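# Descriptive structure summary
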Amino acid sequence: MKKWNRIPLVFLIVFLLAGCGKATAEVTTIAIQKDGTIEHTMVEEFGEGSADALQSMMQEKTDLYNSSYLSGESGITVTAVEADEGAVKVTMVYPDAEAFDGFMNMDVVAVDPALRAPFFYGTVEEAFEQGFDLEIKLQSAEDEEVLQGKDDILAMGKNKIIIYDNEMNLGAPVQISAQEGILYISDNVTVAGKNVVEVSETDDLAYILLNG
């Protein structure tokens, strides 16, 4: 029950879809573009008659967020809601990581900010300044080399890092990609391709340290 309580936005999406827990041919993806925008594609099992309701709900929530937090700026857009081969894909574009984090946590923060499931993309130094725990071990994505603890990680302070709580996706697998190469990952992350990693169900934050 913990995950369902944390993320009402995702709960609503699953409720409008069939949500029977069966695997689909694709997984949810978070793609960080060269300009810092984020394309988020959610993939769920399709329930009859749900696509139109889902598109309407997502557009209503996006309009609310844009008018409340992004007035006068480039806003969040719902670019596609598509049903295909038993699955529905919802694609949204966010102006930056902060907007993505804010939108996906909008409902839970209103109830209890402690339930926030963060998504961070910025430099290691910025992550440290925002209070993220860097007393962790990161494994090289290519060999046996490790970074052990805060000092090792802060030595790469100008590098970009992704920090992600998969409670945001109810613990279901999600693939994250970035333009920069992947240098180090936490032990709950696996390399899924060039510049792509996959995070599966976990109670711990996922860390992806990038080459740039």
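The following refers to the structure shown. (Residues numbered from 1 in each chain as written. Predicted model: local features only at pLDDT ≥ 70, side-chain atom pairs only at ≥ 80, totals over all residues. Heavy atoms only, no water.)

## Section: the nonpolar core
Ranked by internal contacts, the top residues of the largest apolar core, which has 40 residues, are Met58, Met92, Phe103, Phe119, Ile162 and Ile208. The next biggest cluster of nonpolar side chains, apart from the first, holds 15 residues, and it includes Val124, Leu134, Ile161 and Leu209. (Core = buried A, V, L, I, M, F, W, Y, C linked by side-chain atoms within 4.5 Å. Buried < 20%, exposed > 50% of the residue type's maximum accessible area, 1.4 Å probe, protein only.)

## Comments concerning a negative patch on the surface
Taken together, the side chains of Asp133, Glu135, Asp151 and Asp152 make up a negatively charged region of the molecular surface. Tracing the sequence through the fold places Glu135 in the loop between α6 (124–129) and β6 (137–140). (Patch = residues over 30% accessible without salt bridge, like charges linked within 9 Å, V, L, I, M, F, W, Y side chains within 5 Å. Areas by Shrake-Rupley, 256 points an atom, 1.4 Å probe, with all protein chains shown as cover. Salt bridge = Lys/Arg side-chain N within 4 Å of Asp/Glu carboxyl O. Lys, Arg positive; Asp, Glu negative; His and termini not counted. Charge placed at Lys NZ, Arg CZ, Asp CG, Glu CD. Helix = DSSP H or I, 4+ residues; strand = E, 2+ residues; numbered from the N terminus.)

## What to know about the pairing of strand β13 (residues 206–211)
Burial analysis of β13 places 5 of its 6 residues in the buried class, which makes it a mostly covered element. Here strand β8 (residues 160–164) pairs with β13 via 4 bridges, running antiparallel. Paired with Ile161 across the bridge in β13 is Leu209. Judged from the 4 bridges that link them, strand β10 (residues 181–185) and β13 form a sheet pairing that is antiparallel. Within the sheet, the bridge partner assigned to Gly181 lies in β13 and is Asn211. (Pairing = 2+ DSSP bridges.)

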